[in-house]
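So you can see what is in the structure, the chains are spelled out below.
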Amino acid sequence: EDQVTQSPEALRLQEGESSSLNCSYTVSGLRGLFWYRQDPGKGPEFLFTLYSAGEEKEKERLKATLTKKESFLHITAPKPEDSATYLCAVQAFSNQGGKLIFGQGTELSVKP
Amino acid sequence: DAGVIQSPRHEVTEMGQEVTLRCKPISGHDYLFWYRQTMMRGLELLIYFNNNVPIDDSGMPEDRFSAKMPNASFSTLKIQPSEPRDSAVYFCASSPPINYGYTFGSGTRLTVV
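The shown structure was predicted, so the numbers you read here are calculated from the model rather than taken from an experiment.

Re the interface of chain A and chain B
So, point 1. With 19 residues of chain A in contact, the opposing surface of chain B contributes 23 residues.
So, point 2. Carbon and sulfur atoms make up 49% of the area that chain A and chain B hide from each other, which totals about 1,500 Å².
So, point 3. Contact with chain B buries area across many residues of chain A, yet Lys99, Phe102 and Gln104 of chain A alone supply 28% of it, more than any other trio.
So, point 4. Across the contact surface, chain A and chain B share one salt bridge.
So, point 5. In this structure, Asp56 of chain B engages Lys99 of chain A in a salt bridge whose closest nitrogen and oxygen atoms are separated by 3.9 Å.

If you want it as structure tokens, here you go:
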């Protein structure tokens, strides 16, 4: 069964304190791994897609990396506006084109 | 582009009543997805469509749930009869033919009392 586990559940950082979020996955043939950001009361917002081990993507203070078993979302010198829940999801080749399996998310809080 | 549009934003209904949630996907997106989000279970896929045709409805919890997509610009998710355990936020999302990332709507927060 395809599965995604995110850790930690919650993370509190001081502004400027860099850290990483973890996404461990088991999937029968990975087509893609996705990261989303979700603000309270809103729908998830797409950040990155990673397709193969060793791949990295960057956007502002965020960098996502991928291995054969997990992905990391590195946050460098975070700011309060980075506070949100970060969701990881996987898509398997066995799916007919679209289904994403989501983890439970990591709730990030950045204090000034 | 206005993005994925869902209505209503909030719905409060009594147990046993019929509830209809609506979604307008982004023009040109071939895939449409309905997800449900709760604290206990996170985001769960209920059903998805490709070119208006249902592809996978294995996540629909019971026969009380049904979804339709009569054309490329409109979809509905109906719950009849509704129960308190259906209370959740329901998201609609769409994606283009090559799925490099969904675009989610703002969601409908459903409360069944």
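Having seen the model, we can carry on.
Remarks on the sheet that holds strand 3 (residues 19-24) of chain B
Residues and elements named next belong to chain B.
So, point 1. On the basis of which strands lie adjacent, the open sheet formed by four strands has the order 1-3-8-7 and antiparallel pairing. Whereas interior strands pair on both sides, the edge strands pair on one side only; in this sheet they are strand 1 (5-7) and strand 7 (65-71). For this sheet, the mean angle separating the axes of adjacent strands, direction not counted, is 15 degrees.
So, point 2. Bridging between strand 1 and strand 3 involves three bridges; their strand directions are antiparallel. Each residue of the ladder has a partner; that of Gln6, found in strand 3, is Cys23.

Description of the nonpolar core
So, point 1. With 23 residues, the main nonpolar core has Leu33, Trp35, Leu73 and Tyr86 of chain A as its most contacted residues.
So, point 2. Of all the elements in the fold, those that place two or more residues in this core are strand 2 (10-14), strand 3 (19-26), strand 4 (30-38), strand 5 (45-50), strand 7 (62-66), strand 8 (70-75), strand 9 (84-92) and strand 11 (106-111) of chain A.
So, point 3. Here this core gets four residues from one element, more than from any other, and that element is strand 9 of chain A.
So, point 4. Leu32, Met69, Ala88 and Val112 of chain B belong to the second-largest nonpolar core, a separate cluster that totals 21 residues.

Some words on the pairing of strand 11 of chain A
Residues and elements named next belong to chain A.
So, point 1. Relative to strand 11, strand 2 runs parallel, the two sharing five bridges. From the neighbouring strand, Leu11 faces strand 11, where its bridge partner is Leu108.
So, point 2. Of the pairings in the sheet, the one linking strand 9 to strand 11 comprises three bridges and is antiparallel in character. Paired with Ala84 across the bridge in strand 11 is Leu108.

About the cut-offs
Residues numbered from 1 in each chain as written. Chains lettered and ligands numbered in written order. Predicted model: local features only at pLDDT ≥ 70, side-chain atom pairs only at ≥ 80, totals over all residues. Heavy atoms only, no water. Contact = heavy atoms within 4.5 Å. Buried area = accessible area lost by both parts, 1.4 Å probe. Salt bridge = Lys/Arg side-chain N within 4 Å of Asp/Glu carboxyl O. Pairing = 2+ DSSP bridges. Helix = DSSP H or I, 4+ residues; strand = E, 2+ residues; numbered from the N terminus. Axes fitted to C-alpha atoms, helices over the stretch in contact; angles between N-to-C directions. Core = buried A, V, L, I, M, F, W, Y, C linked by side-chain atoms within 4.5 Å. Buried < 20%, exposed > 50% of the residue type's maximum accessible area, 1.4 Å probe, protein only.

These results come straight from atomic positions and should not be treated as a statement about function.
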